[in-house]
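Residue-level listing of the chains:
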Amino acid sequence: MMKFYFFKTATILKIYLVMLALLTVACSKQETSEIPNPEELSYPDQEGWNSTVIYTTDGIMNAEIRYGHMQRFKKRKIVEFDSGLEIDFYNEKGEHTTKLTSNKGRLNEVSKDIEVFEQVVVVSDSGINLATEHLWWNNSIEKVVSDEFVTITTAEQDTFYGYGFESDQYLENWTIKQISGKARKGLQLDLEFSGKKSKSDSVTADSLESQENAVIDSVFLKE
């Protein structure tokens with residue numbers, strides 16, 4: 001009986017040690033596989049501080065971007081701004097039309113679309129102000145879009161706010177899907193625009209069609 005008991009105990013011990021060794025090897029392989037490959041890590045190919053980027057079409061300035069800190073990721077074709085951003089927009093004649101400021105932003109180098117975040121403020125030369133937390137500039141049709149809450153103040157000091165904002169770059173023709181506000185005479189607004197469009201509160205099809213051919217053809221840095 002004593003001999004059988006010793007044999008049984010030794011066998012169990014061996015099995016336990018084998019299982020422990022296999023478990024250790026498996027854990028080691030798992031930990032090794034979870035270590036990121038240095039080549040897969042995303043590092044910026046270029047960085048810049050307190051500089052200016054200018055975009056032109058046929059020699060005419062379209063936009064001027066000033067930033068506090070920039071990181072360019074060549075493979076992703078993305079440029080990120082994380083320390084303050086200012087953008088001045090110009091019309092087809094090279095005349096200044098709009099100024100945008102935000103805390104952060106992202107530029108797609110392929111489409112030239114610009115996405116801005118945190119304390120976004122857009123001021124047009126016509127006197128219209130826009131404030132939101134997230135705004136997207138669609139370069140191909142020169143259209144400003146936001147799904148976040150927006151506040152618009154007109155030159156006449158009428159204030160409107162809501163969600164689902166779309167506008168041209170000059171903030172002259174804009175649409176808010178769900179809009180509320182207060183006009184100068186104290187009129188309270190609670191409107192929902194679906195298909196109705198007017199000169200002062202919507203983007204017209206003609207204006208979009210004329211903007212679709214705008215293409216940025218040159219970029220250069222100015223320190």
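Please refer to the structure placed before this passage.
Thresholds, definitions, all that
- Residues numbered from 1 in each chain as written.
- Predicted model: local features only at pLDDT ≥ 70, side-chain atom pairs only at ≥ 80, totals over all residues.
- Heavy atoms only, no water.
- Helix = DSSP H or I, 4+ residues; strand = E, 2+ residues; numbered from the N terminus.
- Contact = heavy atoms within 4.5 Å.
- Polar contact = N/O pair within 3.5 Å; in protein donor to acceptor, adjacent residues only side chain to side chain.
- Salt bridge = Lys/Arg side-chain N within 4 Å of Asp/Glu carboxyl O.
- Buried < 20%, exposed > 50% of the residue type's maximum accessible area, 1.4 Å probe, protein only.
- Core = buried A, V, L, I, M, F, W, Y, C linked by side-chain atoms within 4.5 Å.

Looking at the secondary structure, you find Gly162 in strand β11 (residues 159–168). Each C-alpha atom of the pair Gly162 and Ile179 lies 4.6 Å from the other, and the pair is 17 residues apart in sequence. If near-sequence neighbours (up to four positions away) are discounted, Gly162 is found in contact with Glu148, Phe149, Val150, Ile176 and Gln178.

With that settled, consider the side chain of Asn138. Tracing the chain through its elements places Asn138 in strand β8 (residues 129–138). Side-chain polar atoms of Asn138 contact the side chain of Ser140, separated by 2.7 Å. Beyond its immediate sequence surroundings of up to four residues, Asn138 is in contact with Asp113 and Lys143.

Moving on to the pattern of salt bridges. Applying the stated criterion to the full structure yields 11 salt bridges. A salt bridge links Arg106 to Glu80; the nearest nitrogen and oxygen atoms lie 3.8 Å apart. You can see Arg106 sitting in strand β6 (residues 104–108) and its partner Glu80 sitting in strand β3 (residues 78–81), a full 26 residues away along the chain. Glu86 is the partner of Lys99 in a salt bridge, and the nearest nitrogen-oxygen pair spans 3.4 Å. In this pair, Lys99 sits in strand β5 (residues 96–102) while Glu86 sits in strand β4 (residues 85–90), placing the two residues 13 residues apart along the sequence. Of the residues examined, Lys99 reaches a relative accessible area of 29% and is grouped as partly exposed. One salt-bridge network, in which partners are shared between bridges, spans Glu64, Arg66, Glu86, Asp88 and Lys99.

Our focus in this paragraph is unusual backbone geometry. Despite not being glycine, Glu118 has its phi angle at roughly 65°, a positive value. One can find Glu118 in strand β7 (residues 114–124). Of note, Gln157 is a non-glycine position whose phi angle comes to about 70°, a positive value. Structurally, Gln157 is set in the loop between β10 (150–153) and β11. Classification of Gln157 by relative accessible area gives exposed; the value is 57%.

Moving on, we get to the nonpolar core. Residues Ile65, Phe81, Ile87, Leu100, Leu130, Leu135 and Phe165 are the most contacted members of the largest nonpolar core, which totals 30 residues. Not counting chain neighbours up to four residues away, the residues in contact with Phe81 comprise Ile65, Tyr67, His69, Met70, Asn103, Lys104, Gly105, Arg106 and Leu107.

Everything listed is a geometric property; what it means functionally is a separate question.
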